[in-house]
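Spelled out from the first residue to the last, the chains are:
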Protein chains: 2
Amino acid sequence: MKLLKKKIREEGIVEPGGILRVDQFLNHRLDIEFINEVGIAFKDIFRDRPVDKILTIESSGIAIATITAQYLHVPVVFAKKNIHVNLPNEVYIEQVESFTQKKNNQLVVAKKMLCHGENILILDDFLAKGNALQALLNMVQKAGANVTGIGIVIEKAFQGGGDRIRDLGYDLVSLATITAMDDQSVTFSDED
Amino acid sequence: MKLLKKKIREEGIVEPGGILRVDQFLNHRLDIEFINEVGIAFKDIFRDRPVDKILTIESSGIAIATITAQYLHVPVVFAKKNIHVNLPNEVYIEQVESFTQKKNNQLVVAKKMLCHGENILILDDFLAKGNALQALLNMVQKAGANVTGIGIVIEKAFQGGGDRIRDLGYDLVSLATITAMDDQSVTFSDED
């Protein structure tokens, strides 16, 4: 996605430790016209597949999932982070090591939000090592639902999560794939 | 907003302590067609006022702010909760007592996200005691920006926050105003 690469190059900030900050358009300030283009891109990629529901993670996944859901006419469910759980038998809980935050997060989805046999499109803003994505895949599997596809806005391919998930047989599409980055430059793969 | 009251009555769950759970359409699962109607309602209310930016709070404010922003053609900034702050001089930080979660949250907005003289529309899903809203108002004031209006999806009027904020002179509009509730019924004000 050409516009996305342009925005990463012009507005993204690379921080030490392989962190890319895109606070200006995706993670703190939301550039709604840009996010609309992201939604159109995901619609064009996944429109011919069965999608009953979009699953994402709070907070940065919510805007892109919301806009995409408008185009695909399906509801969104977002996994919650680190909430107090009153009724542990009624939720799926997964522990996730966060790459950016250097701490463990607990992801929670109420069991009634994922139904047996549903076709789930998973969307998220970033894919690094793939730990959070793996947690969502585990939940969908426990629910007996199907993963119809995975859409990622920015994949940091040099951290290996994308290839690991693809090797499991999932159809994972990223709108921008970064193969290398330092504070001077960001390198994208050719195939975007 | 008639559809909202219907959804609160049919899908909302009242829990002890004055808590209303609307996980089925607003706080965990997002009913996108319904949220689109919320966005249209806020657009109709605020379309004739100057709005440069929408300010909301993660996570449940993001979807409604995103859809409303599509109609008003402005960006969204969402306050982050309980994040690690590397550069405290570059952010506004406010401590907020959360009514639902029975704990204190720290709200953070980067200073560069709010500009002097900007017209800010504040949107959020719930208004109870008004502590989180007051935190956003403090940030906008510190930035030297103007609050052009405040839009709330569900106001729990019996908890007093709305009247307190209105008494300060702010133009606060709620799409549904609950005057009383128990596990048997939810009572709305007449003026919605």
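Owing to the predicted nature of the structure, the values given are computational and were not obtained by experimental measurement. (Residues numbered from 1 in each chain as written. Chains lettered and ligands numbered in written order. Predicted model: local features only at pLDDT ≥ 70, side-chain atom pairs only at ≥ 80, totals over all residues. Heavy atoms only, no water.)

### With respect to the relation of the copies chain B and chain A
- Relative to chain A, chain B is turned by 180 degrees and slid 0.0 Å along the rotation axis, the superposed coordinates differing by an RMSD of 0.0 Å. What the superposition gives is, in effect, a two-fold axis relating one chain to the other.
- Both copies present the same face, since 100% of the interface residues in chain B are matched by interface residues at the equivalent positions in chain A. (Least-squares fit on C-alpha atoms with pLDDT ≥ 70 in both. Contact = heavy atoms within 4.5 Å.)

### Considerations on unusual backbone geometry
- In this chain, A:Glu58 is followed by A:Ser59 through a cis amide linkage whose omega measures -5 degrees.
- Relative to the helices and strands, A:Ser59 resides in the loop between strand E4 (53-57) and helix H4 (60-72).
- Within the chain, B:His73 stands out as a residue other than glycine whose phi angle is a positive 60 degrees.
- With respect to the element layout, B:His73 can be found in the loop between helix H4 (60-72) and strand E5 (76-81).
- Located in the positive-phi region is B:Asn82, a residue other than glycine, with phi close to 55 degrees.
- Within the secondary structure layout, B:Asn82 lies in the loop between E5 and strand E6 (91-98). (Helix = DSSP H or I, 4+ residues; strand = E, 2+ residues; numbered from the N terminus.)

### Considerations on helix H1 (residues 2-11) of chain B
All names here are of chain B.
- Here H1 has its buried residues at Leu4, Lys5, Lys7 and Ile8. Axial view of H1: buried residues confined to an arc of 165 degrees, hence all on one face. Across from the buried face of H1, at angles greater than 90 degrees, the exposed residues are Lys2, Arg9 and Glu10. (Buried < 20%, exposed > 50% of the residue type's maximum accessible area, 1.4 Å probe, protein only. Arc of directions from axis to C-beta.)

### A closer look at the nonpolar core
- By size, the foremost hydrophobic cluster in this structure holds 76 residues, and its most contacted members are A:Leu4, A:Ile154, B:Leu4 and B:Ile154.
- Those residues in contact with B:Ile154 that sit more than four places away from it in its chain are B:Leu4, B:Ile8, B:Leu20, B:Val22, B:Leu26, B:Asp125, B:Phe126, B:Leu127, B:Ala176 and B:Ile178. (Core = buried A, V, L, I, M, F, W, Y, C linked by side-chain atoms within 4.5 Å.)

### Looking at the interface of chain B and chain A
- Taken residue by residue, the interface counts 29 residues in chain B and 29 residues in chain A.
- In this assembly, chain B packs against chain A so that about 2700 Å² is buried in total across both faces, 59% of it on carbon and sulfur atoms.
- A salt bridge links B:Lys80 to A:Asp23, with the nearest nitrogen and oxygen atoms 3.8 Å apart.
- For the pair chain B and chain A, the interface holds 14 residue pairs in polar contact (both at pLDDT 80 or more).
- Residue assignment for the side of chain B that touches chain A shows that the elements contributing at least two residues are helix H2 (23-27), strand E3 (29-30), helix H3 (32-46), H4, E5 and strand E7 (103-110) of chain B.
- Split by residue class, the side of chain B that touches chain A holds 16 nonpolar, 8 polar and 5 charged.
- With 2 bridges connecting them, strand E5 (residues 76-81) of chain A and E3(B) associate as antiparallel partners. Looking across to E3(B), one finds that A:Val77 is bridged to B:Arg29. (Buried area = accessible area lost by both parts, 1.4 Å probe. Salt bridge = Lys/Arg side-chain N within 4 Å of Asp/Glu carboxyl O. Polar contact = N/O pair within 3.5 Å; in protein donor to acceptor, adjacent residues only side chain to side chain. Nonpolar A, V, L, I, M, F, W, Y, C, P; charged D, E, K, R; others polar. Pairing = 2+ DSSP bridges.)

### Re the pairing of E7(B)
Residues and elements named next belong to chain B.
- Across 2 bridges, E5 lies against E7 in antiparallel orientation. By the bridge assignment for E7, Lys81 is matched with Leu107.
- Alignment of E6 against E7, held across 8 bridges, turns out to be antiparallel. Residue Glu94 lies in a different strand from E7, and its bridge partner there is Leu107.

### Looking at the pattern of salt bridges
Residues and elements named next belong to chain A.
- Counted by the stated rule, this structure contains 24 salt bridges over all chains.
- Here Lys6 makes a salt bridge to Glu10, at a shortest N to O gap of 3.5 Å. Of the two residues, Lys6 and Glu10 both sit in helix H1 (residues 2-11), 4 residues apart, roughly one turn of that helix.
- Overall, Glu10 belongs to the exposed group, its relative accessible area being 56%.
- A salt bridge links Arg49 to Asp171; its shortest N-O distance comes to 2.4 Å. Of the two residues, Arg49 is situated in the loop between helix H3 (32-46) and E4 and Asp171 in the loop between helix H6 (161-167) and strand E10 (172-181); the sequence distance between them amounts to 122 residues.
- We classify Asp171 as partly exposed; its relative accessible area is 36%.

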